[in-house]
Amino acid sequence: MDRIDLHCHSTASDGTDAPDALAALAKRAGLRAFALTDHDTLAGLDAAKRAAEAVGVEFVGGVELSAWVRHGEMHLLGYFLEDDHPGVRAALAGLRRGRLARIERTVELLAAAGAPVALDAVLRHVAGGSPGRPHVARALVDAGHVATIQEAFDRYLASGRPAYVPRAEMTAGECIGLVRKGGGVSVLAHPFTLPRAEVPSIVADLARRGLAGIEVEYPKHDAAFRRELGALAAEHDLVATGGSDYHGAVKPGIEFGKGADGNVAVPYRVLEDLRERR
Ligand code: AMP
Ligand code: FE
Ligand code: FE
Ligand code: ZN
């Protein structure tokens, strides 16, 4: 029992399991530790931490931030954060206001695209104050415009589709700086979302800005890409991390602590290595 999961989402952002339910799931999956990494909020950390302590699973407070890069968005994970840093809290509250404004615009674009949903029909799925596209996707399913969350992204919400609204408000350097201000370390999330040819130069740039690790083990990374990322991590002295990006029911096929068909297995040593980078 040496496995961990360093990437998951709760109802505090766009996951469907409450923070305390994730701790119970971690226990059932036999995890030694897990990190909660909700989008732009630390609101789930306290409840998850208490529940994890109660079942004897080690807990790491985290967050997932979106940064603007040339081609679009990049995600960074921050670890070893707590919900009591005033500067970090204020910055995240600003990001969440930006999320709400973006969802309002998304709803307008959906109406123009012939798939109207009421703003309230989206917000009823938002339990934790950090609205995102998966909440819009659920409203599109509710309204009968699409059959699945995936279809909602493919037809309307993904980058390049008619209701996509670009959002990231910070640069990667600003994200890394914010996490450091909170006493944490930053890891590049799911690099498969970046243009493949640019991954080496992006990683080199982030490493210069204080990045601590790269998410190598990830459900959508094949063996060749994992080898490439592992080599990049070694080259830039970064920790090779991993996680399932579990979101509950909005991402069917992804199991907490295991990924897709067990294709994610992260040993506890990765957490120790990350901790040394603080
Ligand atoms: P947002 O934070 O509002 O930009 O939404 C990002 C979230 O939407 C991600 O964390 C995923 O959960 C989900 N997502 C993004 N792109 C896709 C996609 N193409 N298909 C399915 N889900 C996606
Ligand atoms: Fe998400
Ligand atoms: Fe992400
Ligand atoms: Zn995520």
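Asks: Sorry, what's going on with the layout of surface pockets here?
Replies: Unoccupied space between atoms shows up once a probe the size of one water molecule is rolled over them. Reported here for the largest pocket is a volume of approximately 1,100 Å³. Together, 35 residues line the largest pocket, and His75, Arg133, Phe153, Thr193 and Lys251 are the ones closest to its centre. Elements with a contribution of two residues or more to the lining of the largest pocket: β3 (58-69), β4 (72-79), α3 (86-112), α5 (133-142) and α6 (149-157). No other element matches β4, which puts 4 residues into the lining of the largest pocket. Tallied by class, residues from the lining of the largest pocket come to 12 nonpolar, 13 polar and 10 charged.

Asks: How should the pairing of β3 be read in this particular structure?
Replies: Here is the key point about a regular strand: its side chains alternate between the two faces of the sheet. Where burial is concerned, most of β3 is hidden: 10 out of the 12 residues are buried. Bridging between strand β2 (residues 33-36) and β3 involves 4 bridges; their strand directions are parallel. Directly across from Ala33, in β3, lies its bridge partner Glu58. In the sheet, β3 pairs with β4 via 8 bridges, with the strands oriented antiparallel. Across the sheet, residue Gly62 finds its bridge partner in β4, namely Tyr79. Here β3 hands over to β4 after 2 residues, the two strands then running antiparallel side by side.

Asks: Just to check I follow, could you spell out the coordination of the zinc ion (ligand 4) for this structure?
Replies: For a metal with four donors in a tetrahedral arrangement, the ideal angle between donors is 109.5 degrees, while six donors in an octahedron ideally sit at 90 or 180 degrees. Distances from the zinc ion (ligand 4) to its protein donors, His7 (NE2), His9 (NE2), Glu64 (OE) and Asp245 (OD), fall within 2.0 to 2.3 Å. Relative to the metal, the 4 donor atoms surrounding the zinc ion (ligand 4) lie at angles of 76 to 168°, and the coordination shape comes out irregular. Coordination of the zinc ion (ligand 4) draws on donor residues from a single chain, spaced H-x1-H-x54-E-x180-D in sequence. Here the zinc ion (ligand 4) and the iron ion (ligand 2) are spaced 4.5 Å apart. Here His7 is found in the loop between β1 (3-5) and α1 (19-28), whereas its partner Asp245 is found in the loop between β7 (239-242) and β8 (266-267), with 238 residues between them in sequence. Comparing His7 with Asp245, the two get one shared label, buried.

Asks: Honestly, the site of ligand 1 in this entry has me stumped. Any pointers?
Replies: All residues in the neighbourhood of ligand 1 are listed as Asp14, His39, Arg99, Arg102, Gly132, Arg133, Pro134, Gln150, Phe153 and His247. One of the side-chain nitrogen or oxygen atoms of Arg102 is found 2.9 Å away from an oxygen atom of ligand 1. Between a nitrogen atom of ligand 1 and a side-chain N or O atom of Gln150, the distance comes to 3.2 Å. Computed on the free molecule, ligand 1 has an accessible area of 500 Å², of which 80% lies beneath the protein chains in the complex. According to the grid-proximity analysis, the pocket containing ligand 1 is the largest pocket. Where the shell around ligand 1 is concerned, the elements lending two or more residues are α3, α5 and α6. Residues belonging to the shell around ligand 1 are distributed by class as follows: 2 nonpolar, 4 polar and 4 charged.

Asks: Could you clarify how one ought to interpret the nonpolar core in this entry?
Replies: Considering soluble globular proteins, one finds that nonpolar side chains tend to be buried as a cluster. Formed by 48 residues in total, the largest nonpolar core has its most connected members in Phe34, Leu65, Met74, Leu188 and Ile214. If sequence neighbours within four positions are ignored, Ile214 has contacts with Val187, Leu188, Pro191, Val203, Leu229, Leu232, Ala233, Leu238, Val239, Ala240 and Thr241.

Asks: What is the right way to read the sheet that holds strand β5 (residues 185-188) from this model?
Replies: Strands pair in a sheet through their backbones, by hydrogen bonds, and they do so in one of two ways: parallel or antiparallel. Strand order in the open sheet made by the 8 strands is β7-β6-β5-β4-β3-β2-β1-β8, with mixed pairing throughout. Bordering the open sheet on either side are β7 and β8, each of which pairs with just one other strand. Across the sheet, helix α2 (residues 45-55) touches β2 and β3, and the angle it forms with β3 is around 150°. Contacts from helix α9 (residues 223-235) reach β6 (213-217) and β7, with the element oriented near 155° to β6.

Asks: How do you make sense of the packing of helix α8 (residues 199-208) against α9 when you look at a structure like this?
Replies: Geometry of a packed helix pair, given as the angle between the helix axes and the separation of the axes. Packing of α8 against α9 brings their axes to within 11 Å, and their N-to-C directions diverge by 30°. Our pair here, α8 against α9, has a crossing hand that is right-handed. Contacts between α8 and α9 involve Val199, Pro200 and Val203 from the former and Phe225, Leu229 and Leu232 from the latter. Looking at the contact of α8 with α9 residue by residue, the classes come out as 6 nonpolar, no polar and no charged.

Criteria and cut-off values
Residues numbered from 1 in each chain as written. Chains lettered and ligands numbered in written order. Predicted model: local features only at pLDDT ≥ 70, side-chain atom pairs only at ≥ 80, totals over all residues. Heavy atoms only, no water. 1 Å grid on protein atoms, 1.4 Å probe; cavity = no way out; pocket = protein on both sides within 12 Å on 5 of 7 lines; lining within 4 Å. Points joined across faces, edges and corners; volume = space filled by probe spheres on them. Helix = DSSP H or I, 4+ residues; strand = E, 2+ residues; numbered from the N terminus. Nonpolar A, V, L, I, M, F, W, Y, C, P; charged D, E, K, R; others polar. Buried < 20%, exposed > 50% of the residue type's maximum accessible area, 1.4 Å probe, protein only. Pairing = 2+ DSSP bridges. Donors = N, O, S within 2.8 Å, 3.2 Å for Na, K, Ca; no water. Tetrahedral: all angles 85-135°; square planar, octahedral: opposite > 155°, others 65-115°. Near = heavy atom within 4 Å. Polar contact = N/O pair within 3.5 Å; in protein donor to acceptor, adjacent residues only side chain to side chain. Areas by Shrake-Rupley, 256 points an atom, 1.4 Å probe, with all protein chains shown as cover. Sits in = over half its atoms within 2 Å of the grid points. Core = buried A, V, L, I, M, F, W, Y, C linked by side-chain atoms within 4.5 Å. Contact = heavy atoms within 4.5 Å. Axes fitted to C-alpha atoms, helices over the stretch in contact; angles between N-to-C directions. Left-handed = near helix turned anticlockwise from the far one by under 90°.

Keep in mind these numbers describe shape, not what the thing actually does.
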